[in-house]
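# Commentary on secondary and tertiary structure
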Amino acid sequence: MLRIGLTGGIAAGKSAVAAELGRLGAVIVDADLLARAVVEPGTEGLDEVVAAFGPGVLGTDGALDRPALGRLVFRDRSERERLNAIVHPRVRAEAARLIERAPGDAVVVEDIPLLVETRQAARFHLVIVVDAPDEQRIARMVERRGMDPGDARQRITAQASRAERLAAADAVLVNDRALNDLLTATTVLWERRIVPFRDNLAAGRPAPRSDGPEASPTLAGAGAGAGAGAVDTAVSSADVVAGGDAAAWGLPGTSGLERRMTGKLVAALSAGMRVGSAAPGSATQGLDRTDDVVRAHLQVRLGQEDDRAEASTVVTAAGFPRDAERGGSPSTGALVLHRSADPAIDVTVTISSPPRPD
């Protein structure tokens with residue numbers, strides 16, 4: 001199963017991408033729909049919301065008055081966190097139940113507006129961020145939803161910034177032009193990256209090395225080096241239609257490949273297993289290497305009591321199958337080599353064990 005986290009700021013176009021991915025064959029788990037379901041009349045979730053915020057958040061029909069609740073929480077971060085503490089655990093439990101029923105070879109897309117805010121990026125094989133300039137999003141909310149510009153800006157401010165969201169992105173879909181451009185870019189990403197990634201993962205094989213794009217000035221440091229609050233996605237939605245592997249794979253706008261892949265491995269492995277860079281002269285663990293969004297070499301260092309075969313299985317499930325052709329066996333070798341099943345990147349993961357005492 002390939003697990004994708006889909007996110008984007010309000011009015012960025014995330015729902016359109018989710019609908020298109022569903023049309024293409026993905027199983028969609030919509031956090032917004034689940035968030036509504038867990039506070040329907042008669043649920044424990046609604047009872048807790050009323051207990052926390054008072055009967056004024058109820059309509060005359062006994063259902064949640066969302067605009068009234070919104071006026072309370074969007075102006076006060078502590079109140080938002082209070083609401084999230086009630087809703088989010090219930091949403092995750094319902095999402096887990098839906099995912100359990102999905103086929104083993106499915107592409108499961110979790111549509112999560114607050115994916116970055118709730119620090120969930122590391123648990124997905126792929127995080128897709130739908131991005132659009134803030135002013136364009138404000139204009140959409142005013143024109144399409146009839147919102148006051150000040151309220152629209154406040155909604156954007158209450159969420160993660162574009163820069164924070166892009167820092168978590170494994171793929172970026174830019175929605176700065178026509179809707180058809182966004183849908184075309186989504187289809188290209190599905191055909192060129194998502195489906196091969198799913199197939200490689202299901203077969204337990206790394207992506208062929210020839211599939212990955214060459215490092216280039218366009219990609220090197222994409223999205224990096226900008227000032228605070230600045231965002232440079234380096235490509236528009238129309239550029240994907242014009243062709244080019246990097247744009248087709250959603251790489252422009254991403255950054256910190258080593259950081260992101262380290263996060264996925266740390267989230268999957270046991271607490272005692274250390275993950276760091278294995279590249280010569282690279283930064284130490286925890287530093288954000290933004291010089292390359294295509295290649296990385298990581299090392300998983302096991303302790304004396306850690307099981308190498310178990311670690312290899314976990315690394316494979318995290319999206320990095322064992323590279324049987326290039327060496328290493330969990331049962332015999334001191335080093336076990338894994339590589340990403342994602343065709344857009346070339347990430348090598350070496351599992352190393354300490355020498356066994358005599």
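Residues numbered from 1 in each chain as written. Predicted model: local features only at pLDDT ≥ 70, side-chain atom pairs only at ≥ 80, totals over all residues. Heavy atoms only, no water.

## Comments concerning helix α6 (residues 134–145)
Over its 12 residues, α6 runs 16 Å from end to end, which matches the ideal 16 Å to within 8%, given 1.5 Å per residue. Considered for burial, the residues of α6 that qualify are R137, I138, R140 and M141. Buried residues along α6 cover an arc of 160° about the axis, so they all sit on one side. Those residues of α6 that are exposed and angled more than 90 degrees off the buried face are E135 and E143. On its buried side, α6 packs onto α7 (149–157) and α8 (162–167). G146 lies just past α6 and shows a positive phi near 70°. (Helix = DSSP H or I, 4+ residues; strand = E, 2+ residues; numbered from the N terminus. Expected span 1.5 Å × (residues − 1). Buried < 20%, exposed > 50% of the residue type's maximum accessible area, 1.4 Å probe, protein only. Arc of directions from axis to C-beta. Contact = heavy atoms within 4.5 Å.)

## Thoughts on the packing of helix α4 (residues 66–73) against helix α5 (residues 77–100)
At a minimum axis separation of 7 Å, α4 and α5 run at an interaxial angle of 130°. Compared by their axis directions, α4 and α5 come out oblique. Of the residues in α5, those in contact with L69, L72 and V73 of α4 are E79, R80 and L83. When the residues that make up the contact of α4 with α5 are grouped by side-chain class, the tally is four nonpolar, no polar and two charged. (Axes fitted to C-alpha atoms, helices over the stretch in contact; angles between N-to-C directions. Parallel < 35°, antiparallel > 145°, perpendicular 65-115°, else oblique. Nonpolar A, V, L, I, M, F, W, Y, C, P; charged D, E, K, R; others polar.)

## Quick word on the confidence of the model for the protein chain
Put simply, the protein chain has an average pLDDT of 85, and 83% of its residues get 70 or more. The lowest-confidence element of the protein chain is helix α10 (residues 237–242), averaging 45 in pLDDT; the highest-confidence one is strand β4 (residues 126–131), averaging 98. Low pLDDT, under 50, characterises residues 233–243; the stretch is placed with 26 contacts to residues that sit more than four places away or in other chains. (pLDDT = per-residue confidence, 0-100.)

## A few points about empty space enclosed by the protein
Rolled over the atoms, a probe with the dimensions of a water molecule shows which regions are left empty. Inspection of every chain in the model, using the stated rule, returns four cavities of 30 Å³ or more. A volume near 60 Å³ is recorded for the largest cavity. (1 Å grid on protein atoms, 1.4 Å probe; cavity = no way out; pocket = protein on both sides within 12 Å on 5 of 7 lines; lining within 4 Å. Points joined across faces, edges and corners; volume = space filled by probe spheres on them.)

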